[in-house]
Amino acid sequence: MTFSPLAFVGGTAMLSAVEVMGKVADMITLVVPVSDDGGSSGKIVRLIGGPAVGDCRSAISRLGSAAGKAPAPLGKLLGYRLSQDVKVAALEWLDILQGSHPIWKDIPNQFQIIVTRFLLSFNNSIMKRSSSPFTFSNGSLGNFFLTGARIYFGSLDSGLFLLSRLWHLPYGFMVLPCLEHDRSLTLGIEFMDEGMDDIIGQSNISHPGTETVDKSGSGGEALPGKISRSFYVDTVTGEEVVPQPHPGILKSLESGLHTMLIYGRGSLVTSIVPCLHFREVTLAIQRLNIPKILITNGGPDRETSYCTPEGIHVMSCLEVVTFFLTQLEIPLKDYKSYFTHVVVPSVGGLVVGSDFAEAFPDLEILTVEAKLNPNGSSHYDDTKLVSQLQKLNTDTRFLKSRY
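Predicted model only: the values in this text are computed from it and were never measured.

## So, the packing of helix H5 (residues 86-98) against helix H6 (residues 109-129)
Interaxial distance between H5 and H6 falls to 9 Å at its minimum, and their mutual angle equals 135°. One way to sum up the angle between H5 and H6 is to call them oblique. Of the two elements, H5 crosses H6, and the hand of that crossing is left-handed. Between H5 and H6, the contacting residues are Trp-93, Ile-96 and Leu-97 on the first element and Thr-116, Leu-119, Leu-120, Phe-122 and Asn-123 on the second. When grouped by side-chain class, the residues that make up the contact of H5 with H6 number 6 nonpolar, 2 polar and no charged.

In C-alpha cells:
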C-alpha cells in the first residue's frame, strides 16, 4: 500500500512533520503559500518584487533532509542565516560572494560555482533596485539563492526545479507554489462588521509588528472581529487581483496518484486558505474519495481565536475553512466534501466541544500525543502524527474507489 500524501501546508508550521513524512512516503506533493510579506522573504519582496520564496525553500530543504542524499555541507549552506547585526551581516555577505566565508568549507567546487552564480544574480538585482544599502541582517542564504535563480531564469518554477535537484529530491517529491505567476501578491481581509477597516498584508493579519515571525500557528492577540472575506492584493498597485492556481495543483489532484489530502497545520486564513482560494481546486477536492484530514494547531491563533469566548473550538476551524471554500460560487456541499478526519493534540490545543458530534456526526476526531509548551500551546510528536496518518492511509472506506 503506497503512502502518497498531497498536503496544503501552512508555511513552516507543518515542516517538522513533513521531514518525518518524507522518510516514509512513496511520493509527496506540498502546496505552499507565496504571499508572506514578513521576515527575510518580506525584505526581498519589498525591494525586488515577485512571490515570497521562503516557504517553498523551507519545504524543499525539509524533503531534501528526509531523503538524505544531498551533501550535508550543502544543506548547512542553504539553511544558513546571516548575523542579526547589520554591519556584521553585510561583511558576511561580501565574504560569501568572494568565496572566503567559512560556510564554504567542505562544499564541492561544482556546487560552489552554481550557488555563487545565483547569489551574484540576487546581488546584482538589489544593486540595481536600491538607492540605499540592502539590510542583510538575519537574511536566509537559501532565500537569496532561490530569488537569484528566479530572476536569472525568469521563472520561480525553474528556480524550484534547480533547488530540488541540488537537494537530490527523489522522483515524485514535489513542492508547488499555490499561485501560477511570479507577481508579488499579499493578502487582505474584510470584516463582517462593515465599520471595521480592511487589513492588508499577510504579516499585518497574522503577526503584526513582528520582524521575526513565529509561524507556530498559536498565540497572538485576536483580530477585532469575524472575517467575511479574504482576497489577494497586488503589492505594487494596491489593487485586489484574482490570480490563478499553479497548474501543478490541479494536475496533482486529478492524477489519481495521491492517497491522502492534508490541510495544515498553520494559520488558517493566511496559510491554509490562500492555497484553497480557487474554484477549480475546490471542485477537484470535492471529487476526491480519499481521506481529507485537517491537522489543527497546538493552540488558538490570532486569525480565529475570536470564534468563541473561551478560545477556538475545533468546530470553528472546520467552519472557517468551509466558509471560505464555499465563497467561491460553487455548488454548496456539506463538510464531508472537504473533511473526513480532524487531528488534535492530546494536551493543550483546541477545544473539541460537546456539540461536535452532533454538528459533524460522520467526522472522526483523532488524538495524537503532544507536549505542552511554556505558553500553554502544544507541539505534536511528529513521528506519532505521521504514524497516525499512515494508518488512515489504509482506511477501508476509501480503498475500493479513491477517485
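Back to the write-up after that little detour.
## Quick notes on the pairing of strand E6 (residues 227-234)
Burial analysis of E6 places 7 of its 8 residues in the buried class, which makes it a mostly covered element. Pairing of strand E4 (residues 185-191) with E6, which is carried by 7 bridges, proceeds in the antiparallel orientation. Across the sheet, residue Thr-186 finds its bridge partner in E6, namely Val-233. Where E6 hands over to strand E7 (residues 240-241), the hairpin turn is made up of 5 residues, of which Gly-238 adopts a positive phi near 75°.

## Points about the pattern of salt bridges
Scanning the model with the defined rule gives 7 salt bridges in all. Between Asp-234 and Arg-183 there is a salt bridge; the shortest N-O distance is 2.9 Å. Here Asp-234, found in strand E6, pairs with Arg-183, found in the loop between strand E3 (173-177) and E4; they are 51 residues apart in sequence, far enough to count as distant. Across the salt bridge formed by Glu-240 and Arg-229, the nearest N and O atoms sit 2.8 Å from each other. Placement of the pair is Glu-240 in strand E7 and Arg-229 in strand E6, with a sequence separation of 11 residues. The partly exposed category is assigned to Glu-240, whose relative accessible area is 44%. Shared partners join several salt bridges into a network, and the residues in it are Glu-190, Arg-229 and Glu-240.

## Considerations on helix H2 (residues 39-48)
Burial within H2 is extensive, with 8 of its 10 residues counted as buried. Of all the residues in H2, the buried ones are Gly-39, Ser-40, Ser-41, Gly-42, Lys-43, Ile-44, Val-45 and Ile-48. Those residues of H2 that are buried lie in contact with helix H3 (54-67), H6 and helix H7 (141-153). Taken from the residues just after H2, Gly-49 is the one with a positive phi, measuring 85°.

## So, the nonpolar core
Formed by 109 residues in total, the largest nonpolar core has its most connected members in Phe-8, Leu-119, Phe-144 and Tyr-263. Residue contributions to this core peak at 6 residues, all from H6. Excluding anything up to four places from it in sequence, Leu-119 contacts Trp-93, Ile-96, Leu-97, Trp-104, Leu-141, Phe-144 and Phe-145.

## Describing the side chain of Thr-147
Mapping Thr-147 onto the fold places it in helix H7. According to the relative accessible area criterion, Thr-147 is buried, its value standing at 2%. In terms of polar contacts, Thr-147 uses its side chain to reach the backbone carbonyl oxygen of Asn-143, at 2.8 Å. With residues up to four places along the chain from it excluded, the contact list for Thr-147 reads Ile-44, Ile-48, Val-53 and Phe-122.

## Re the packing of H3 against helix H8 (residues 156-166)
Close contact between H3 and H8 brings their axes to 9 Å; oriented N to C, the two are set at 25°. By the angle class used here, H3 and H8 are roughly parallel. As H3 runs across H8, the sense of the crossing is right-handed. Along its contact with H3, which presents Cys-56, Arg-57 and Ile-60, the element H8 presents Leu-160, Leu-163 and Ser-164. Tallied by class, the residues present in the contact of H3 with H8 amount to 4 nonpolar, 1 polar and 1 charged.

Parameters at a glance
- Residues numbered from 1 in each chain as written.
- Predicted model: local features only at pLDDT ≥ 70, side-chain atom pairs only at ≥ 80, totals over all residues.
- Heavy atoms only, no water.
- Axes fitted to C-alpha atoms, helices over the stretch in contact; angles between N-to-C directions.
- Helix = DSSP H or I, 4+ residues; strand = E, 2+ residues; numbered from the N terminus.
- Parallel < 35°, antiparallel > 145°, perpendicular 65-115°, else oblique.
- Left-handed = near helix turned anticlockwise from the far one by under 90°.
- Contact = heavy atoms within 4.5 Å.
- Nonpolar A, V, L, I, M, F, W, Y, C, P; charged D, E, K, R; others polar.
- Buried < 20%, exposed > 50% of the residue type's maximum accessible area, 1.4 Å probe, protein only.
- Pairing = 2+ DSSP bridges.
- Salt bridge = Lys/Arg side-chain N within 4 Å of Asp/Glu carboxyl O.
- Core = buried A, V, L, I, M, F, W, Y, C linked by side-chain atoms within 4.5 Å.
- Polar contact = N/O pair within 3.5 Å; in protein donor to acceptor, adjacent residues only side chain to side chain.

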